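# Per-entry structural report
This is what each chain is made of:
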Amino acid sequence: IPPAAPESATMPIIAACVLRLCAGRFTGLSSICEETGMSIAHLLIGLAKPLIERFPRVAMAYRHARDNRRVLDAPRETPMGFKFIGNSLMENGVFEPEETAIVRRVLERVDVVVNVGANIGYYCCLALQRGKHVVAFEPMGGNLRCLYKNVAANCWDDRIEIFPVALSDRIGMI
């Protein structure tokens, strides 16, 4: 998503939306985007930014709900031959194609994979599907829930060790 427009640029847009609403001429965000040359993403971010800055807990609640909603879904069969829940690019086998190709080549030559920052387990699943043992590190709760669910959906619990911690070269908080 592109960066939000400066607040000064969004104020006239907000005013235009309000005036059009009051006059009954509001035809949607796309007409305002055409007039201003802004994308809908820029416009929405610009409109939401002042609210998010004023109410940061609302933004945190939104991010929490967005990140944890995936856990409620059932894992789906992927073109790669395993069940997975998460990012639609990952589910469809088109996530990071260059990196995935490199990982697949490396998997042919190793017995154990150590995945630092395992996220929701895309690369873990690629390795587990090929019979490799995996040691995964992932500190984020929402990601961990998806990782556990992806592993369990494929009955790979006996070939992976998951550590719910962050790894770093220094002590600190994340």
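Presented here is a report on the structure given in the accompanying data block.

Cut-offs and rules
- Here the residue numbering is sequential within each chain, running from 1 through the sequence in written order.
- For a predicted model such as this one, the threshold for reporting local features is a pLDDT of at least 70, and the threshold for listing and counting side-chain atom pairs is 80 or more; totals across whole chains, interfaces and linings nevertheless cover every residue.
- Water and hydrogen atoms play no part in the side-chain values, which are based on all heavy atoms of the structure.
- Throughout this description, buried means an accessible area under 20% of the type-specific maximum (1.4 Å probe, protein chains only), exposed means over 50%, and partly exposed covers the range between.
- Only DSSP runs of H or I covering at least 4 residues are called helices, and only runs of E covering at least 2 are called strands; the numbering of each starts at the N terminus.
- Two strands pair under a simple rule: DSSP has to find at least two bridges between them.
- Place the viewer so that the strands point away; then a crossover is right-handed whenever the path from the first strand over the helix to the second strand goes clockwise.
- Any pair of Phe, Tyr and Trp rings, taking the six-membered ring for Trp, is counted once the centres come within 6.5 Å. Such a pair is stacked with planes under 30 degrees apart, edge-to-face with planes over 60 apart, and tilted for the rest.

Moving on, we get to the pairing of strand S5 (residues 160–163). With burial as the criterion, only one face of S5 is covered, namely that bearing Ile160 and Ile162; the residues Glu161 and Phe163 on the opposite face remain uncovered. With four bridges connecting them, strand S4 (residues 133–137) and S5 associate as parallel partners. The residue of S5 that forms the bridge with Ala136 is Ile162. Remark: the S4/helix H8 (residues 141–153)/S5 crossover connection has right-handed handedness.

One pass over the full model with this rule turns up seven aromatic pairs. Between the aromatic rings of Phe95 and Tyr123, the centroid separation amounts to 6.5 Å while the plane-to-plane angle is 50°, which identifies the pairing as tilted. One end of the pair, Phe95, is in the loop between helix H5 (88–91) and helix H6 (97–107); the other, Tyr123, is in helix H7 (residues 122–129), and 28 residues separate them in sequence. Each member of the pair, Phe95 as well as Tyr123, is classed as buried. Relative to Tyr123, the ring of Tyr122 lies with its centre 5.0 Å away and its plane at 70°, an arrangement referred to as edge-to-face. An aromatic cluster is built from Phe82, Phe84, Phe95, Tyr122, Tyr123 and Trp156, whose rings are joined through pairwise contacts.

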